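Structural overview for review
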Amino acid sequence: MENELIDLKEFNMSDEELFSHFDINQYESEKITAPRYSYWKSVFRVFFKKKINVFLLALLGFLVIFTYIYPLFSGYDEFEHVMTQGAKHLTPSEAMKTFGYNIHWILGSGDVGQSTFDALWNGAKISVTLAFICAAINMTIGVIIGAIWGFSKKVDMIMTEVYNILGNVPYVLLISVIVMIMSASFWSMVFALTVTGWLAIAYFIRTQVVIIRDREYNLASRCLGTSIFKIALRNILPFMTSVIVTLLATEIPSYISYEVFLSYIGMGLADMSLGKLIYAAESAMVTPGRQIEFWAPVAISAIIAVVLYVVGQNLGDASDPRTHM
Amino acid sequence: MTKYLLRRLLHGLVSVIAVVAIVMLMIYSFLDKETIFSGDGQLAKLQDNALTVYKYRQWEKYGYLDYVPYTDYLASLVKSGEIDSAKRDEAAKIGRTEDKDSETVAEYVAKFRESYTKKGYTVVRLDASVFKGKLLTGGAQQLFAYKNIPVLSRLWTYVTGIFEFDNIHYATGDVGKRGISFTFFDPAYGGKKFSPAIIGNGTKHKYLLYFDNKFPFIHQNLIKIHLGSSYSVNRDVDVFDTMTNAQGTLLKENTVYPTSLTEYSSDDLHTLTYSEGSLENGGEFAQARFTDDYTITTARRDGKSKIGYSFTIGIISVIMAYLLGVPLGVLMAKNKDKFFDKLGTIYIVFIIAVPSLAYIFLFKTIGGKMGLPTTFDVTAETALMYVLPIVSLALPSIAGLMKWMRRYMIDQSNADYVKFARSGGLSEGEIFRNHIMKNAAIPIVHGIPGSVLGSLVGAIITERVYVVPGAGNLLTKAINSFDNGVIVGVTLFYAVLSVVSIILGDILMSMVDPRISFSTKAR
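Everything in this summary refers to the structure shown in the same document.

Cut-offs applied
- Residues numbered from 1 in each chain as written.
- Chains lettered and ligands numbered in written order.
- Predicted model: local features only at pLDDT ≥ 70, side-chain atom pairs only at ≥ 80, totals over all residues.
- Helix = DSSP H or I, 4+ residues; strand = E, 2+ residues; numbered from the N terminus.
- Buried ≥ 20, exposed ≤ 12 C-beta atoms within 10 Å, placed from the backbone.
- Contact = placed C-beta atoms within 7 Å.
- Rg over C-alpha atoms; globule rule 2.2 N^0.38 Å.
- Nonpolar A, V, L, I, M, F, W, Y, C, P; charged D, E, K, R; others polar.
- Pairing = 2+ DSSP bridges.
- Axes fitted to C-alpha atoms, helices over the stretch in contact; angles between N-to-C directions.
- Core = buried A, V, L, I, M, F, W, Y, C linked by C-beta atoms within 7 Å.
- Parallel < 35°, antiparallel > 145°, perpendicular 65-115°, else oblique.
- Left-handed = near helix turned anticlockwise from the far one by under 90°.
- Arc of directions from axis to C-beta.

**Considerations on the overall build of chain B**
- Secondary structure assignment for chain B yields 19 helices and 15 strands.
- Along the longest, intermediate and shortest principal axes, the C-alpha atoms of chain B span 105 × 60 × 55 Å.
- Expressed as a percentage of the 523 residues in chain B, the buried residues total 32%.
- Pairs at least 24 apart in sequence give 66% of the contacts found in chain B among residues at least 6 apart.

**Description of the overall build of chain A**
- The secondary structure content of chain A amounts to 15 helices and 0 strands.
- For 325 residues, the compact-globule estimate of 2.2 N^0.38 gives 20 Å, and chain A exceeds it by more than 25% at 29 Å.
- The principal-axis extent of the C-alpha atoms belonging to chain A is close to 105 × 55 × 35 Å.
- Within chain A, the fraction of its 325 residues that count as buried is 36%.

**Considerations on the environment of Ile145 of chain A**
- Within the secondary structure, Ile145 of chain A sits in helix α6 (residues 116-151).
- Once residues lying within four places of it in the same chain are set aside, the contact partners of Ile145 of chain A are Trp198 and Ala202 of chain A.

**Focus: unusual backbone geometry**
Residue and element names in this part refer to chain B.
- In this structure, Asp337 takes a positive phi of about 65° despite not being glycine.
- Secondary-structure assignment places Asp337 in the loop between α10 (306-334) and α11 (339-353).
- Residue Asp337 is classed as exposed on the basis of its 9 C-beta neighbours within 10 Å.
- A positive phi angle, close to 55°, is found at Val467, a residue other than glycine.
- Note on placement: Val467 falls in the loop between α17 (460-465) and α18 (474-480).

**Thoughts on the interface of chain A and chain B**
- Between chain A and chain B, the contact holds 29 residues from the first and 30 residues from the second.
- When contributions to the side of chain A that touches chain B are tallied by element, the ones reaching two or more residues are α7 (153-166), α8 (171-182), α12 (228-264) and α15 (291-318) of chain A.
- By residue class, the composition of the side of chain A that touches chain B is 22 nonpolar, 7 polar and no charged.

**Observations concerning the sheet that holds strand β9 (residues 207-211) of chain B**
Residues and elements named next belong to chain B.
- With respect to topology, 4 strands assemble into an open sheet ordered β7-β8-β9-β10, the strand pairing being antiparallel. Strands with a single pairing partner mark the edges of an open sheet, and in this sheet they are β7 (179-183) and β10 (218-220). When strand polarity is set aside, the average angle formed by the axes of neighbouring strands in this sheet is 15°.
- The sheet contact formed by β9 and β10 spans 3 bridges and is antiparallel.

**Re the sheet that holds strand β1 (residues 65-69) of chain B**
All names here are of chain B.
- The antiparallel open sheet is built from 3 strands, whose spatial order is β1-β5-β2. Where the open sheet ends on each side, the last strands, each with one partner, are β1 and β2 (122-126). Averaged over all neighbouring strand pairs, the angle between strand axes comes to 25°, with direction disregarded.
- Judged from the 5 bridges that link them, β2 and strand β5 (residues 142-148) form a sheet pairing that is antiparallel. Paired with Arg125 across the two strands is Leu143, which belongs to β5.
- Against the sheet, helix α2 (residues 48-62) touches β1, β2 and β5, its axis set at about 130° to β1.
- Set on the sheet, helix α3 (residues 70-79) makes contact with β1 and β5; between it and β1 the angle comes to about 70°.

**Describing helix α11 (residues 216-223) of chain A**
- Across the 8 residues of α11 of chain A, 0 count as buried, placing the element largely on the outside.
- A positive backbone phi angle near 95° is found at Gly225 of chain A, which sits one or two residues after α11 of chain A.

**Some remarks on the nonpolar core**
- Counting residues in hydrophobic clusters, the biggest one holds 136 residues, and the most contacted among them are Tyr255 and Ile278 of chain A together with Val23, Leu357, Ile487 and Val490 of chain B.
- Looking at this core, the element that brings in the most residues is α6 of chain A, giving 15 residues.
- Dropping the residues within four chain positions of it, Val490 of chain B is found in contact with Val239, Leu474, Leu475 and Ala478 of chain B.
- By size, the runner-up hydrophobic cluster in this structure holds 15 residues, among which are Val53, Ala91, Tyr108 and Tyr121 of chain B.

**Regarding the packing of α8 of chain A against helix α9 (residues 186-195) of chain A**
Residue and element names in this part refer to chain A.
- Contact geometry for α8 and α9: axes closest at 9 Å, N-to-C directions at 150°. Compared by their axis directions, α8 and α9 come out roughly antiparallel. Both α8 and α9 take part in a crossing whose hand is right-handed. Touching Leu174, Ile175, Ile178, Val179 and Met182 of α8 are Ser188, Met189, Phe191, Ala192, Leu193 and Val195, all from α9.
- Of the residues contributing to the contact of α8 with α9, the split by class is 10 nonpolar, 1 polar and no charged.

**What to know about α3 of chain B**
Residues and elements named next belong to chain B.
- Every buried residue belonging to α3 is among Tyr70, Tyr73 and Leu74, and all of these are buried. One side of α3 holds all its buried residues, which, seen down the axis, span an arc of 95°. Of the exposed residues in α3, those oriented more than 90 degrees away from the buried face are Ser76 and Lys79.
- Positive backbone phi, at 85°, marks Gly81, one or two positions downstream of α3.

**A short note on the packing of helix α16 (residues 448-457) of chain B against helix α19 (residues 484-512) of chain B**
Residue and element names in this part refer to chain B.
- At a minimum axis separation of 7 Å, α16 and α19 run at an interaxial angle of 160°. In terms of orientation, α16 lies roughly antiparallel with respect to α19. The handedness of the crossing between α16 and α19 is right-handed. Residues Ile448, Pro449, Gly450, Leu453, Gly454, Leu456 and Val457 of α16 form the contact with α19, whose own contacting residues are Tyr494, Leu497, Val500, Ser501, Leu504, Gly505 and Leu508.
- Along the lines of polarity and charge, the residues of the contact of α16 with α19 split into 10 nonpolar, 4 polar and no charged.

**With respect to the environment of Lys61 of chain B**
Residue and element names in this part refer to chain B.
- Mapping Lys61 onto the fold places it in helix α2.
- For Lys61, a count of 15 C-beta atoms within 10 Å puts it in the partly exposed group.
- Linking Lys61 and Gly485, residues 424 residues apart in sequence, is a C-alpha distance of 9.8 Å.

Pasting the structure below:
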């Protein structure tokens, strides 16, 4: 060890230069050296670091405006032109010639002379609202029950049986029976999609909880006498935030997709949602000159779903504290 | 291991029965009984009492309730020898209203009322609708008893009736010596060609076990599966037969009948079933061909069954998905954050986020532009018709497999054993092939039985879009036409498949990964 000592003479400096006196600074000692850390600020910092996210968020804002605000002003009435001669199945250019050059007719007109563009956003409003409400209900119930399911071994046994049984009841059947009993209204559809929809989410959360539950730091925490509730809230929930956000990102598009699917097989809503529009325009797809009536709702549902999914995924990535460093 | 599996199977069986019970409860108890008439044209032609009786008859057919008309009760009394037919005719003449009944009628009506009320039935008497002394259309007086079938007894009858074992005491008439015989030379092929078969006499089916040129080449009629008979989708045919019977145009071949008459016909002699007195009643036509009461045949058809089409399309797409999805996922993990990974991610996002209906139509349009047939035609089948449905089914599952394979590979490559292997001097290729791949493949393997068995179920949208006559649309069709028998049958089929595929997945996983053991509970 001795040869590691530094010989001060190497520096060729006087003792005064080498050793100068410093006063104790009270203020300096009060400063915390670690950088300030705020969870949500970091989430947004990481999120906005990717330039694509800014673009996607702008696109999302644009879509939201068209979905929720545009229908307020468009004054859409499906049967407005039902008696008008030569208003049906017009291509965009024909429609513009007939009705004048404005935004309503940039996608032509449909089978009762309605504006495809207005019908589209009206439908999007229904579909997106349905997806958001279903996702909110299913996620809330699913996360809470999933957490309890993962924690308690007794609940686990019962819930696993319930999952095995209810998971095997065909979803299509369940939904159609509920819709048949309660009429094909918006809220009965919400009920049908949520009555067992939370099960899959709860099962997913349960698996995650089981994985984290028995980690060493939680065992230690429990040994020290922390209550289960506090462990769930303080030790496990922060770990789950990114998982939950990622899950949400897949859930919302999946309800849009599901609504489209159900409408297509004739079991969907009575309202003209996106799925219903696609279903109604199926014959238009094979008719030359009318394909736009079919492809427009398909494209819009795809765009909404993709944007929501990608934004959600990136938000999920950003909400993982491990990416904040 | 065996003990564990038996327990799992038992557990699965219980949950399958629970699923069937829930579905029965849903469709028979929660659903309004009137909904079954929504598409019934018969309803408009009937009025008054006749309409009520028609409804009860239909409900009995659909399995909602047990319906007994008064005349049936009297007929049962005749059969048991309590009354003779003259008395029956007298007792059957019920009056237009109750106080107009003759003495005999009143006596038997009271008896009917008493015996069926005791059994828990509700007895209904509808008085005649008379206007100015004349009976109105459909206004004739009616007397019947009905009882709603409780879910438990319905479940019991259903579950116990799933398997029917053929036995030599089935035939009711005189069939001569009952028994089962074995032959090396199947008489259905003229008795000269070598083809072993087991033939029964007194059984329901003549051929209990036989070989032919259709997959899986050996067939049996010994155990028959009943999943519940259909009412509107495929009238009076069992769901299982609806799914497994061949479709398409009649296939005629030279057929040698038991009387050694040879004819160019589509009768499939292997499906001969017993019907009492059919030889005599069938007249010259039947007597020229058959020598006994086994005369009922099913026609041979050249197409596949519903399950056959679904499975052909499904299994090829599953194979394609695993052959492409797994290597592509591995490639993505290998090139993490590089161009290929990003390209793959875009594809995965596209499939996950875009509604499945949208991309299936996209594939259909692209395929159509390339000159592939976009609709399925059973009468003129070509291999090209299978291409688009298979691709449409395979592409999404490829995305799913890519996503998970990539995830597992990346998770595994951060594990300690990989660092240890690297520090031990193994090359990256060796680590990838022998260490990471093996571990990452385990959860993938678990899904294989599920996707193979799942292809039996068929795909709802794909089959609908390409007009494939597969099994996928059976459930939606049944729901739309309120065919309760089919709904329950198809549900049972789905539930059994899903339970079996989870168990098979676990077995397969424990075979691939020796660390997983089911013989001891939680280590």
